[in-house]
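# Examination of the molecular architecture
Here are the chains, one letter per residue:
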Amino acid sequence: MDHIVTLDSRQEAALQAVADRLIAQHKGDAVKALKEMIVLNGHLQERLDALSSPRRATR
């Protein structure tokens, strides 16, 4: 883990609600829900990396 995030109680409650909905979408399978979030996070990280990398000049 590169970064530790600290949440206040309101943020924690909101995150819990989202997690509960995601797990419900996977019929109670927390592992499937976690895998989906890992894949989604990877795709988002790739997009962020592409946006933040210096652009090469085209000739």
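Here's what I pulled together on the structure shown here. (Residues numbered from 1 in each chain as written. Predicted model: local features only at pLDDT ≥ 70, side-chain atom pairs only at ≥ 80, totals over all residues. Heavy atoms only, no water.)

## Section: a nonpolar patch on the surface
The grouping of Val-5, Leu-7 and Leu-15 at the surface amounts to a nonpolar patch, some 260 Å² of accessible area in total. Along the polypeptide, Val-5 turns up in the segment before helix H1 (9-25). (Patch = residues over 30% accessible without salt bridge, like charges linked within 9 Å, V, L, I, M, F, W, Y side chains within 5 Å. Areas by Shrake-Rupley, 256 points an atom, 1.4 Å probe, with all protein chains shown as cover. Salt bridge = Lys/Arg side-chain N within 4 Å of Asp/Glu carboxyl O. Helix = DSSP H or I, 4+ residues; strand = E, 2+ residues; numbered from the N terminus.)

## Examining unusual backbone geometry
A positive phi angle, near 55°, is found at Lys-27, a position not held by glycine. Within the fold, Lys-27 resides in the loop between H1 and helix H2 (30-52).

## Let's talk about H1
Between its terminal C-alpha atoms H1 stretches 24 Å, which fits the 24 Å expected from 17 residues at 1.5 Å a residue. N-cap assignment for H1: the residue whose side-chain oxygen lies 3.1 Å from the backbone N of Arg-10 is Asp-8. Looking one or two residues past H1, Lys-27 carries a phi angle of roughly 55°, positive in sign. (Expected span 1.5 Å × (residues − 1). Polar contact = N/O pair within 3.5 Å; in protein donor to acceptor, adjacent residues only side chain to side chain.)

## Considerations on the environment of Glu-36
With respect to the element layout, Glu-36 can be found in helix H2. Between the alpha carbons of Glu-36 and Leu-22 there is a distance of 9.2 Å; along the sequence they are 14 residues apart. The residues contacting Glu-36, other than those within four sequence positions of it, are Leu-22 and His-26. (Contact = heavy atoms within 4.5 Å.)

## Details of H2
If you check H2, its first and last C-alpha atoms are 32 Å apart, about what 23 residues at 1.5 Å a residue would give, namely 33 Å. Two or three places before Val-31, at the opening of H2, Asp-29 has a side-chain oxygen 3.1 Å from that residue's backbone nitrogen.

That is the geometry; function is a separate question.
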